[in-house]
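Report on the structure
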Amino acid sequence: VLFVIDCSGSMSRLYDEGIVQDTAERALALARNFDDDGRVPCVAFDSRTIICPDVSADNVQGYVKREVQKHGLGGGTSYAPAMREIARKFRGGGGIPAFCLFVTDGNCEDERESASAIRDLSSVPIFWQFVGVGGESFKFLKKLDTLTGRKVDNAGFCQSPNPAHLS
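If you're wondering where the values come from, they're calculated on a predicted model, not measured in any experiment.

Reading guide: rules and limits
Residues numbered from 1 in each chain as written. Predicted model: local features only at pLDDT ≥ 70, side-chain atom pairs only at ≥ 80, totals over all residues. Heavy atoms only, no water. Phe/Tyr/Trp six-rings, centres within 6.5 Å; stacked < 30°, edge-to-face > 60°. Helix = DSSP H or I, 4+ residues; strand = E, 2+ residues; numbered from the N terminus. Buried < 20%, exposed > 50% of the residue type's maximum accessible area, 1.4 Å probe, protein only. Core = buried A, V, L, I, M, F, W, Y, C linked by side-chain atoms within 4.5 Å. Contact = heavy atoms within 4.5 Å.

**What to know about the packing of aromatic side chains**
Per the stated rule, a full pass over the model turns up 9 aromatic pairs. Ring centres of F99 and F127 lie 6.1 Å apart, and the angle between their planes is 5 degrees; this geometry places the pair in the stacked category. Here F127 lies in strand β5 (residues 126–132) and F99 lies in strand β4 (residues 98–104), a separation of 28 residues in the sequence. You can call F127 partly exposed: its relative accessible area is 26%. Judged by centre distance (5.5 Å) and plane angle (45 degrees), the rings of F138 and F157 are tilted. Pair noted here: F138 is in the loop between β5 and α6 (139–145) and F157 is in strand β6 (residues 155–159), with a separation of 19 residues, a long-range link. We note that F138, like F157, is buried. Connected via pairs of aromatic rings, a cluster forms that spans F45, Y79, F102, W128, F130 and F140.

Structure (structure tokens):
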């Protein structure tokens, strides 16, 4: 299991409201159900790709502020470089498939390159679960979920509910 977090400027409100931290906690809970070591590698991205320390039960409280926000929120939003770096870094796991929770507010500047990356990486054992947070329509993420031209269906989309509305 891998956790990928958008840290672009458009995500600022979602960080401030604790939605990204809540999503990190949910990702760890999910990972502990089917990952063998209880640790989740984390990557943050905007126009950069930032490899962060693993998330675990020992460090999940305050993780997002401590380990992601310290790099600063801002910059543009480019999915493709992060996806390609993740595939390069994590595909060497002896053929063990990876489940990548990719959290974003749905806006990116490189739609064509991102769609190409999903197609190119469809032969790599990584499933990209795009998790939309915030109030966007997520048109592009829905497109990635149904994208044609892939060797296997390697992407899905779901919208995370706003934690404030769960009570």
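Structure shown, so let's carry the discussion forward.
**Considerations on the nonpolar core**
Judged by nonpolar contacts, the single largest core of 29 residues is most densely connected at M83, W128 and F130. Elements with a contribution of two residues or more to this core: β1 (2–6), β2 (39–45), α4 (79–90), β4, α5 (111–120), β5, α6 and β6. At 6 residues, α4 tops the list of elements feeding residues into this core. Sequence-distant contacts of W128, that is, excluding residues within four places in its chain, are made with M83, I86, C100, F102, I118, L121, N154, A155 and G156. In terms of nonpolar packing, the next biggest core, distinct from the first, is built from 27 residues, I5, V40, I50 and V64 among them.

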